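Structural overview for review
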Amino acid sequence: MRRLLDFGIEEHSLALRWGFALLAFAVALGVRLAVDDMLPPGFPYLTFFPAVIVTTFIYGVAPGVAVAIASGLASWYFFMEPVHTFVVTGATILALGFFSVIVAVDILLIHIMHLALRRLRAESARQSRERELSQQLAASREVMFKELQHRISNNLQVLAALMTLRRGAVRDVAAQRILDQATERLELLGRIHRRLHDPSGQRIAFGLFLESLCDDVLQAAGATRVQVAVAAEPLVLSPEQTVPVALIVTELVSNALEHGFAEGQRPGRIHLALTREAEGGMARLTVANDGAPLREDFDPARSESLGLKIVAALAQQVGGRFEMQAAPQGTVSRLTFPLEQAPPE
């Protein structure tokens, strides 16, 4: 029966509720009469307690009280001296009082349990509705996020295509070069957005992302003779940090290809390392190459390079410190920035 399965008080037909109460009383009375000769005097309620408890448990207070009253009267008439009468004596009053207290406590406890379970089911139903609503909202957010990312990436590609078209009308070589660089940056930014697409807001392992990012830069530059090695600790960055740091890596690798490896035509190696500082919650990104060294008087803060100006601005955006210096072989660039605390799940 459903009532027995969910321990609740559901709506049943009157015939079923009171029919069960009558059946429980009749069974209890019949069993008690059948074992009367085997029992010593003093057990008038032996089979009636289970009938009261089961009826109350399954069909509620009213049928349980009815079975209790009927059981008390039957016990008084059939099993209390003098039997087959309703004579009031001190012994009967004591016995009936004992029975009344016991069944009243049983019925009250079962009723309280029913109320608690009813509230629990109501709370569970409310939480279920809230979970369903949350799932619907999450699904809507994912659809909107996908559409937003799709539109951003498409718009970046469209801008890159428009700049490529406009380049044909530009005759100045320096202007053409600037347009080419801007187009490459827009196309790369579009690829970064696609790689970072994550509607659940989960953070991504940045080391794997760096490897694919550097492959994109080398492929775009046609630098087949330059190798990139990435060594990164298993750190995760938020999207707010990942995009600017990824763009910094792009500019530094592109700068190394352009100035250190003659537009990627001479062989060489670029080493990337991402580590966590021992103290202070900081991370350090190192980009080193064995290409042509910097000039002795080079100062990145005074450089007119558009790429280095972009790096300086992005480093400031993530609250980091950027430095660039000559190495025994080539150039070393370092970005030190604070790691954001992961939000609670």
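Calculation criteria
- Residues numbered from 1 in each chain as written.
- Predicted model: local features only at pLDDT ≥ 70, side-chain atom pairs only at ≥ 80, totals over all residues.
- Heavy atoms only, no water.
- Phe/Tyr/Trp six-rings, centres within 6.5 Å; stacked < 30°, edge-to-face > 60°.
- Lys NZ or Arg CZ within 6 Å of the ring centre and 35° of its normal.
- Helix = DSSP H or I, 4+ residues; strand = E, 2+ residues; numbered from the N terminus.
- Buried < 20%, exposed > 50% of the residue type's maximum accessible area, 1.4 Å probe, protein only.
- Core = buried A, V, L, I, M, F, W, Y, C linked by side-chain atoms within 4.5 Å.
- Contact = heavy atoms within 4.5 Å.
- Pairing = 2+ DSSP bridges.
- Axes fitted to C-alpha atoms, helices over the stretch in contact; angles between N-to-C directions.

One pass over the full model with this rule turns up 10 aromatic pairs. An aromatic cluster of at least three residues, connected via ring pairs, comprises Phe-25, Phe-48, Trp-76, Tyr-77, Phe-78, Phe-79 and Phe-86. Taking NZ or CZ as reference, Arg-32 lies 4.3 Å from the ring centre of Phe-79, over its face.

Mapped onto the elements, Ala-95 comes out in helix 5 (residues 90-167). By relative accessible area, Ala-95 is classed as partly exposed at 21%.

To continue, consider the nonpolar core. Membership of the largest hydrophobic core comes to 34 residues, with the highest contact counts inside it found for Val-249, Val-253, Leu-257, Ile-270, Leu-272, Leu-285 and Phe-337. Per element, the largest residue contribution to this core is 8 residues, and it comes from helix 8 (residues 239-260). With sequence-adjacent residues up to four places away left out, Phe-337 is seen in contact with Leu-237, Gln-241, Val-245, Leu-274, Met-282, Ala-283, Leu-285, Val-318 and Gly-320. Among the nonpolar cores identified, the runner-up in size contains 19 residues, and Ala-21, Ala-28, Ala-68 and Leu-96 belong to it.

This next bit is on the sheet that holds strand 5 (residues 282-289). Pairing is mixed across the open sheet formed by 5 strands, whose spatial order is 2-4-5-7-6. A strand with exactly one partner marks an edge of an open sheet, and here the two such strands are strand 2 (226-232) and strand 6 (321-326). When the angles between neighbouring strand axes are averaged without regard to direction, this sheet yields 10°. Looking at chain direction, strand 6 and strand 7 (residues 331-338) are connected through 6 bridges and run antiparallel. Within the sheet, the bridge partner assigned to Glu-323 lies in strand 7 and is Arg-334.

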